[in-house]
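Structural description and commentary
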Amino acid sequence: MERLQKILAQAGVASRRKCEEMIQAGLVEVNGEKVTELGAKADPAADVITVNGKRIRGEKKLYLMLNKPKGVITSATDPQGRKVVTDFLPGIKERVYPVGRLDYDTEGLLLLTNDGEFANLLTHPSHHVPKTYLATVRGVPHGTSLEKLQKGIKLEDGMTAPAEVEYHDIDTEKNQATISITIYEGRNRQVRRMFDAIHHPVIRLKRVRFGELPLSPLPRGKYRHLNEEEIKELRDIAMKSHNIHK
Ligand code: URA
């Protein structure tokens, strides 16, 4: 038996706080009975729980890591029939959703889950979960340019938060460099826009770490289940980063 607001949040209905409001507003029923008390518990596997008359699922929770190839959409379906990340999850029958998104042309570590609360925890802007990328860029940026990225740079939608930036590889023959960059936000096309702002456009972008969780050694296009410890570490880092940045 679990508290109703926890069951609802885990089913992806809304944040736990919003679910509490929904319970108090009388929108939630368990086995046909309206429940408005916050202490109420239910069994997600056995009870019929509805929100606004719609039944929520009490599925087994899945936590997956995919090494997303480029040229794939971070979405569960695409109306235009292009390749989507769930095409790379053979054997997974449950409906899982990406935790945040990677651009069509970005590759690397993507988490997928059917635990809505876990996904909210990791993507909520106030939780500042670190994400590390290897960005191969045109030209070799000066240290002073990288410092700008480190301190925060002005983009159309405001200044970026401080980031960690270091050289990973320099290829003078090809006139390009690979930079490791860790950001604590998740704005749309953020890394690409940051490098555009210092006039070193991104040629290739790969996410190699989410929180403390590294991508390697998962082959491109393959997925695996996270273990209990990895799930706990991700939860902990989201809570810890939230407290540090409060
Ligand atoms: N930043 C980007 O620019 N693209 C991504 O896919 C992720 C972060």
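The structure displayed is predicted, hence computed values, not measured ones.

**Overview of the overall build of the protein**
Counting secondary structure elements, the protein contains six helices and 17 strands. The dimensions of the protein, computed from C-alpha atoms along their principal axes, are 70 × 40 × 35 Å. For the protein, the residues scored as buried account for 45% of the 246 residues in total. Within the protein, contacts between residues separated by at least 24 positions form 65% of all contacts whose residues are at least 6 apart in sequence. For the protein, the exposed surface amounts to about 13,600 Å²; the carbon and sulfur share of it is 48%. Looking at charge distribution, the protein has the averaged site of its 40 positive side-chain charges lying 3 Å from that of its 33 negative ones.

**Some words on the pattern of salt bridges**
What the rule picks out here adds up to 15 salt bridges. The shortest N-O distance in the salt bridge between Asp 103 and Arg 189 comes to 3.6 Å. Taken as a pair, Asp 103 in the loop between β8 (97–98) and β9 (106–113) and Arg 189 in the loop between β14 (176–183) and α5 (190–197) lie far apart in primary sequence, 86 residues in all. In this structure Arg 189 comes out as partly exposed when scored by relative accessible area, which is 42%. Between Asp 157 and Arg 187 there is a salt bridge whose closest N-O contact spans 2.8 Å. Pair noted here: Asp 157 is in the loop between β11 (154–155) and β12 (158–159) and Arg 187 is in the loop between β14 and α5, with a separation of 30 residues, a long-range link. Residues participating in the shared-partner salt-bridge network are Arg 101, Asp 103, Arg 189 and Arg 192.

**Concerning the domain arrangement of the protein**
Split into domains, the protein comes out as domain 1 (2–55), domain 2 (63–125 + 213–244) and domain 3 (131–210). In this assembly, 17 residues from domain 2 lie in contact with eleven residues from domain 3. In this assembly, domain 2 packs against domain 3 so that about 1,200 Å² is buried in total across both faces, 43% of it on carbon and sulfur atoms. It is Asp 103, Glu 107 and Leu 109 that lose the most area in domain 2 upon contact with domain 3, and together they represent 34% of the buried surface on that side. For the pair domain 2 and domain 3, the number of links is three salt bridges. At the junction of domain 2 with domain 3, the criterion picks out nine residue pairs in polar contact (both at pLDDT 80 or more). Of all the elements in the fold, those that place two or more residues in the side of domain 2 that touches domain 3 are β9 and β16 (213–214). Looking at the side of domain 2 that touches domain 3 element by element, the count peaks at six residues for β9. A class-by-class count of the residues in the side of domain 2 that touches domain 3 yields ten nonpolar, two polar and five charged.

**Considerations on the packing of aromatic side chains**
Applying the stated criterion across every chain, the model contains one aromatic pair. Aromatic side chains Tyr 63 and Phe 118 sit 4.9 Å apart centroid to centroid with 80° between the ring planes, which places their arrangement in the edge-to-face category. Taken as a pair, Tyr 63 in strand β7 (residues 63–68) and Phe 118 in helix α3 (residues 116–123) lie far apart in primary sequence, 55 residues in all. Residue classification places Tyr 63 among the buried residues on the basis of a relative accessible area of 11%. For Lys 131, the ring lying beneath its charged end belongs to Phe 210, and the centroid distance is 6.0 Å.

**Focus: α5**
Three or more residues of α5 are buried, namely Gln 190, Val 191, Arg 192, Met 194 and Phe 195. Contacts from the buried residues of α5 go to β9, β10 (131–138), α4 (143–151), β11, β14 and β15 (202–210). Positive phi shows up at His 199, right after α5, with a value of about 65°.

**Points about the site of the ligand**
In the neighbourhood of the ligand, the contacting residues comprise Leu 102, Asp 103, Thr 106, Tyr 133, Arg 189, Gln 190, Val 191, Arg 192 and Leu 205. Take Gln 190: an N or O atom from its main chain is 3.4 Å from an oxygen atom of the ligand. Ranked by residue count, the leading element in the shell around the ligand is α5, at three residues. Taken together, the residues of the shell around the ligand break down into four nonpolar, two polar and three charged.

How each quantity is defined
- Residues numbered from 1 in each chain as written.
- Predicted model: local features only at pLDDT ≥ 70, side-chain atom pairs only at ≥ 80, totals over all residues.
- Heavy atoms only, no water.
- Helix = DSSP H or I, 4+ residues; strand = E, 2+ residues; numbered from the N terminus.
- Buried < 20%, exposed > 50% of the residue type's maximum accessible area, 1.4 Å probe, protein only.
- Contact = heavy atoms within 4.5 Å.
- Areas by Shrake-Rupley, 256 points an atom, 1.4 Å probe, with all protein chains shown as cover.
- Lys, Arg positive; Asp, Glu negative; His and termini not counted.
- Charge placed at Lys NZ, Arg CZ, Asp CG, Glu CD.
- Salt bridge = Lys/Arg side-chain N within 4 Å of Asp/Glu carboxyl O.
- Domains from an automatic or database assignment.
- Buried area = accessible area lost by both parts, 1.4 Å probe.
- Polar contact = N/O pair within 3.5 Å; in protein donor to acceptor, adjacent residues only side chain to side chain.
- Nonpolar A, V, L, I, M, F, W, Y, C, P; charged D, E, K, R; others polar.
- Phe/Tyr/Trp six-rings, centres within 6.5 Å; stacked < 30°, edge-to-face > 60°.
- Lys NZ or Arg CZ within 6 Å of the ring centre and 35° of its normal.
- Near = heavy atom within 4 Å.

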